[in-house]
Structures are given as structure tokens and as C-alpha cells.
Amino acid sequence: MSTFESKSRSSAFLEAIERAATFAFQPIVNIHTGHCFGFEALIRNVDKLGFNSIPDFFDYAWNAGILHRVDMVLRQIAISQFAHSEACRGSKLFYNIDGRIFESQDYHPHQTGKILNHYKLPPESLVLELSEKYDNASARHLSDTLRTCRDHNYQLAIDDFGRGFSEMQMLYEHQPDYIKIDRFFINGIADDSKKRLFVSSIVNLAHVLGITVLAEGVETEREFLACKGIGCDLVQGFYVARPTTEHSSLSTLYEIVPETNSRDRRQRDTDKFLIRDFIEPLVAVSITDPMSTVFEAFRIHKNQSVFPILGEDGRPQGLVREGDLKDFIYLQYGRDLLQNKAFGKTLKDFLSRCPITDINTEAEKILETYAIGNHNDGILITENFQYVGFLTADALLRIINEKNLKQARDQNPLSKLPGNNSVVDYIAAGLEQRSGAWSVVYFDFNDFKPFNDTYGFRQGDRAITLFADLLRDETRTVPGTFLGHIGGDDFFAGFRDLDESTVTQLIDRILARFRHDVESFYSPEHRETGAIEARDRHGQWRRYGLLSCCAAIVHLSDEVTEVTSDTMIETIAKAKKGAKQAESQIEVHRIAPETTNVLRLANS
């Protein structure tokens, strides 16, 4: 084939792409608020070009030596559709790059800026995603390209993090703005401790480096809550919204996220307001400010030894330290040298990475991020990815201390479980924000007073502590569990999204372990006879069996929409009375959707 024929075929192929290709946009949202942060552009209609799959399409372009020109045509289409979508205004376009374009025969950089300028979009609105399907780190143009992207204020993301060739090397050498956790690690993360550990470690490392973490491929509420609990910042997946080519249907807020968070009982325990009290609103500088403005900021605000550096989109990028400028400040012509544009030094050259975290993050998670890094300054705090203030190490420790004191005030001193007030709050929140199956369990010891009178309160306390430890041990791997100690020998547990049979089996196992383990608290004589003799409330001697526990289970199926507090309390009381009389020591009651009356199922 002649060069002319090859060029003609290439031109025809590019023209066909312009006519047929389009993009579906999938929202990427703030995991705390549901506000749309950006949209990923996903190519569609490659079948109309004669390809069975998207990889086949790009393989053809690579083999034909026109991969970069194909990418620029697609980039033009994606940016155009993004710019004309009302919901996309002010957000970011996440655009996937085939890593082979850096090695393509037709590779020619510096074209994206013209496209963005044409549509009046700032450089910060574009996030270039590098997929780990190919070994990007070995590409000969990669370092220069990424440096150019930085110089032009484009942002970078590593896609499919965790499955590729070189993501740790890229993380170290190039420090992208975002990493997207691969769907493999998100799928089933709520029930897989190894996946949670892996993702948690990545999140901690990323936050220490000031990198935003995106969980992609989230499809269920439990996956969403697990990612949120681990500390992911952004979320993308079918649970929030599917990709769509109907760009008019896109939104700036996806209600499923705030609705899910409001149902999550941990949301009631947010540290947001506590953290806000300790934030220092340090004056910030812009990444585009000339060095003369930075020097003036240090002169005016003499008490600040560091200044947060914000991008043009208001997101913090790091810090500039007074100490890093001293070599220039104290040189005779140091300031003049820095302020001379010909010298080539800008504020970017003095930017130091700093941990960045959202104000909705739990205080313990913030402390964990701070402890991992080697940063003595503190942590930058954002809200909806906009700069809020700065948290020093001293302020962070005071927050943790204040939180611990608050928890201690309602914590049962014996069992170390949340006390009666927390139990009441949990029930109230559960009734107010119901979604999915929900079971609550009331535990009460049988014949505890005779045991306490016979063996003394210290042994009685040991029995209470034993039961609390059993509760923790049996439920530690059960997500969505709440445990409480109402007082004395009365305990409480709540379970989300577990079917009735699973809850009943779990409770039966807890009661059996308690009956077995508590026998060691008795004398050999009492164990042998299986009973003790003690005075009852009327002063009469009676024979009592060995210590055990009964459980009243109240189950609300996912079809139930409205339940009053009175109905709930009445149901628990009835179930508790039935449990005392049941041979198995378990009574299950259900609140059914078709009636507000309590339906007794059976003695388990």
C-alpha cells in the first residue's frame, strides 16, 4: 500500500469517528454529600465503526500508527459534549488516555490547550486518566508529557489502581491528583477483610501524599458505606448512577448519597462540628500568584510560617513554608532573583505536598493519616473539596481528647459499650431513617440477683464483662452492628441488612456460649447440681438454675415504612416477656408492613 493510500484510509477513518463516536457520561460524586465533582467520559458507538469492542478499536488505531490522532478526535468530541452540558459546568471531565499514545508513531503533544480554549474551559477542568492496562512507566514520552500537563495545570488520575504494572512507581515519581481503586477491590469489600485492609492502606498512603481517592464500580449500599468508612473521597458506579448519553439527564446532586448517609447510623456521630471548632483559617495563596505576592503575605501575616496553596479551582494543592524560602530571603539579591521572571522560579517550585482530608472524616482517621506521614505542619481540611482551614498536630490531639471524653460520659464503665443514651439515639435514628431489614435485640440475664447475692458483686461484674466480650467477639465481622449496655444485666444489639434467620442463629450462638462459659464462675458443687439456693425477693429460700441469658428479637422487614416509637417499645416489651418463658430463651417478633400489630412468629 502506498503512503498516499495509507493517508487516505487514515483520514477516512478519522472522519468516520467524527460522525459516529459519542460519549456517555457517568457522574463522580463527593462520597459525603452527593454533589457532583465530575464526569467520566466513556466512548460509545465503536460498533458502528465495525469493531466488536472498545479495546479492538484502540488496538486498530495503534497498529495503524494513528492512535494519537484518533485520541485527539475523541478528545475534541468529549470536551465539546462536556462544555455544552448544563450539569457539567464547574465540574471536571475525566478522560481516559490509552497509555500507548506516548509511543504512537504520530505522537504530537501540546494540542489539548487549544481545544479547551475554544470551549472557554479552564485547564483544571480536565483530568487525564492513565489506565494501568499498559506499562505507562516505561513509555519514553511519559515523564515529559506529565510534566507538560503539570505546567498547563491539567490534572492527572491513575485508573484501575491495584491491577496494573507500575502504579506504585507512578505514585512515587509523579504524584497524581487522583487514584481510582479498581472494581476488583470494591466488589464485595463490605464482607472481605483483606480487601478492606488493602484499600484502607492505599487510602492512607494517598492522603499522606495529598492525593484524592475515588472508589469506582460501587454497585451496592454496603459497598458504598464500606468505602466511605475506609476514607474514600469520591465514588462512581451503578449505585449512584449509570453512564448515559442523555446528557440533559445529568445532575449536579445525586440524592442517593445524602439519603444513604442519613440512614447510616455513624453519620449521627460525625466529628464535623468538633473538628470545625479547632480549625485554623490560615490565609492562603494562589498557585498563580507571583513570588512578590507570596513575600508580601509572609510579611503581613507574621504569625504564619506556612501558607496553603490553592489551585484556580479553589482546591488546596499543598503548602509553601517560610523555611523553604529562607535561602532566597536572606541572600542580598535573593528576592529580586525570585521575582525576576527570567529566573524561571514560580510558586510551583516551592510547593510541598501535605495531607488533605475532608471535614466529614472521622477524627481517628485524620490522626491515622497524620501519623503515617512525615509532616510536622498539620493537615489541610476541605469541605466539598474547597479549602476550609488547617489543622495542626496540637489541635488534632485536642480533638481526639475531646471526643474520648464525650464518649466516656455515655460509655458504661464496666463493659466499655455505649450506654443508655446511645441506645435511645440509635433506636430513634433507626425509626426516623429506615431502609432495608433491621433487627434489634434486647438481652436480659436470668436469675442474676441470686447469683450476685451468692458470689458477690465482683463475680457479678465478671459475668457482665464476660457477656460484653462475647457480644463483641461474635459480631466483630458483622457489618452494620451496634452494641449497647443499657445498664446492670441488660444489653442491646442492632443489626442492619441481615435476614431474620441469620440474626436468630447468631443470637442463639451467643446465648449458648454464655451458658457454657459462665459455668466456670460457680463452685464445683453448684456446677455438679446445676443449681444454687438463695433467698428470693420475699426472703424465702428458693432453688435457682445456673446463670443464663434470654433475648427478645424484634425484626422489621425491608417492606416496613413507618413505625412509631410506641409500637417499637411495646413490641420489645412483649418479646422480652415471651423470651423469659421460652424454652430456647429466644422470642422473635415481627412488625409487618400490612399491619402495625405485632405478629408473634414462634419460639425459636
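Described in the following lines is the structure provided in the data block. (Residues numbered from 1 in each chain as written. Predicted model: local features only at pLDDT ≥ 70, side-chain atom pairs only at ≥ 80, totals over all residues. Heavy atoms only, no water.)

1. Focus on the pattern of salt bridges
Tallying each qualifying case throughout the model produces 30 salt bridges. Of the charged contacts in the structure, one is a salt bridge between Asp-271 and Lys-403, with a shortest N-O distance of 2.8 Å. Of this pair, Asp-271 sits in the loop between helix 10 (256–263) and helix 11 (272–278) while Lys-403 sits in helix 16 (residues 393–410), and the two are 132 residues apart along the sequence. Between Lys-580 and Asp-444 there is a salt bridge, with the nearest N and O atoms lying 3.2 Å from each other. One end of the pair, Lys-580, is in helix 22 (residues 565–581); the other, Asp-444, is in strand 15 (residues 438–446), with 136 residues separating them in the sequence. When its relative accessible area of 36% is taken as the criterion, Lys-580 is described as partly exposed. Residue class for Asp-444 comes out buried when judged on its relative accessible area of 9%. Residues joined by salt bridges that share partners form a network here, namely Asp-473, Glu-474, Arg-476, Arg-509 and Arg-513. (Salt bridge = Lys/Arg side-chain N within 4 Å of Asp/Glu carboxyl O. Helix = DSSP H or I, 4+ residues; strand = E, 2+ residues; numbered from the N terminus. Buried < 20%, exposed > 50% of the residue type's maximum accessible area, 1.4 Å probe, protein only.)

2. Things to note about the side chain of Asn-446
Within the fold, Asn-446 resides in strand 15. What Asn-446 contacts, discounting residues up to four positions off in sequence, is Leu-547, Ser-548, Cys-549, Cys-550, Lys-580 and Gln-585. (Contact = heavy atoms within 4.5 Å.)

3. Considering unusual backbone geometry
The backbone of Asp-447 sits at a positive phi, close to 60°, despite the residue not being glycine. Positionally, Asp-447 belongs in the loop between strand 15 and helix 18 (448–455). The backbone of Asp-497 sits at a positive phi, close to 60°, despite the residue not being glycine. Positionally, Asp-497 belongs in the loop between strand 17 (490–496) and helix 20 (500–518). Among the residues examined, Asp-497 registers a relative accessible area of 38% and is labelled partly exposed.

4. So, the sheet that holds strand 11 (residues 316–321)
One open sheet accounts for three strands, arranged 9-10-11; its pairing is mixed. Of all strands in the sheet, those with a lone pairing partner are strand 9 (285–286) and strand 11, marking the two edges. Looking at chain direction, strand 9 and strand 10 (residues 306–310) are connected through two bridges and run parallel. In the sheet register, Val-285 faces strand 10, and the bridge partner there is Ile-309. Lying on the sheet, helix 12 (residues 291–300) is in contact with strand 9, strand 10 and strand 11; it crosses strand 10 at an angle near 140°. (Pairing = 2+ DSSP bridges. Axes fitted to C-alpha atoms, helices over the stretch in contact; angles between N-to-C directions.)

5. Topic: the packing of aromatic side chains
The tally for this structure, following the rule as stated, stands at 32 aromatic pairs. Arranged with centres 5.9 Å apart and planes meeting at 45°, the rings of Phe-13 and Phe-57 form a pair that is tilted. Linking Phe-13 in helix 1 (residues 3–20) with Phe-57 in helix 2 (residues 54–63), this pair joins segments that are 44 residues apart in sequence. For Phe-13, a relative accessible area of 10% translates into the label buried. An angle of 65° between the planes, with centres 5.0 Å apart, marks the rings of Phe-13 and Tyr-60 as edge-to-face. Of this pair, Phe-13 sits in helix 1 while Tyr-60 sits in helix 2, and the two are 47 residues apart along the sequence. For Tyr-60, a relative accessible area of 33% gives the class partly exposed. Here a set of aromatic residues connected by ring pairs shows up, and it is made of Phe-443, Phe-445, Phe-448, Phe-451, Tyr-455, Phe-467, Phe-491, Phe-514 and Tyr-522. Over the face of the ring belonging to Phe-238 we find Arg-242, whose NZ or CZ atom lies 3.9 Å from the ring centre. (Phe/Tyr/Trp six-rings, centres within 6.5 Å; stacked < 30°, edge-to-face > 60°. Lys NZ or Arg CZ within 6 Å of the ring centre and 35° of its normal.)

6. Some points on the state of the cysteines
In the structure shown here, the tally under the stated rule is zero disulfides. Free of any disulfide, Cys-227 has its nearest neighbouring cysteine sulfur in Cys-232, separated by 4.6 Å. (Disulfide = S-S within 2.5 Å.)

7. Considering the sheet that holds strand 12 (residues 356–358)
The strand order across the open sheet built from three strands is 12-13-14, with neighbouring strands paired in mixed fashion. Each edge of the open sheet is held by one strand with a lone partner, namely strand 12 and strand 14 (386–391). On average, each strand axis in the sheet is inclined to that of its neighbour by 35°, with strand direction left out of account.

8. Focus: the packing of helix 8 (residues 193–208) against helix 15 (residues 363–372)
At a minimum axis distance of 9 Å, the contact between helix 8 and helix 15 shows a crossing angle of 65°. It follows from the interaxial angle that helix 8 and helix 15 lie roughly perpendicular. Handedness of the helix 8/helix 15 crossing: right-handed. Judged by residue contacts, Ser-200, Asn-204, His-207 and Val-208 of helix 8 engage Lys-365, Glu-368, Thr-369 and Ile-372 from helix 15. Partitioning the contact of helix 8 with helix 15 into residue classes produces two nonpolar, four polar and two charged. (Parallel < 35°, antiparallel > 145°, perpendicular 65-115°, else oblique. Left-handed = near helix turned anticlockwise from the far one by under 90°. Nonpolar A, V, L, I, M, F, W, Y, C, P; charged D, E, K, R; others polar.)

Function-wise, these values are silent; they only describe arrangement.
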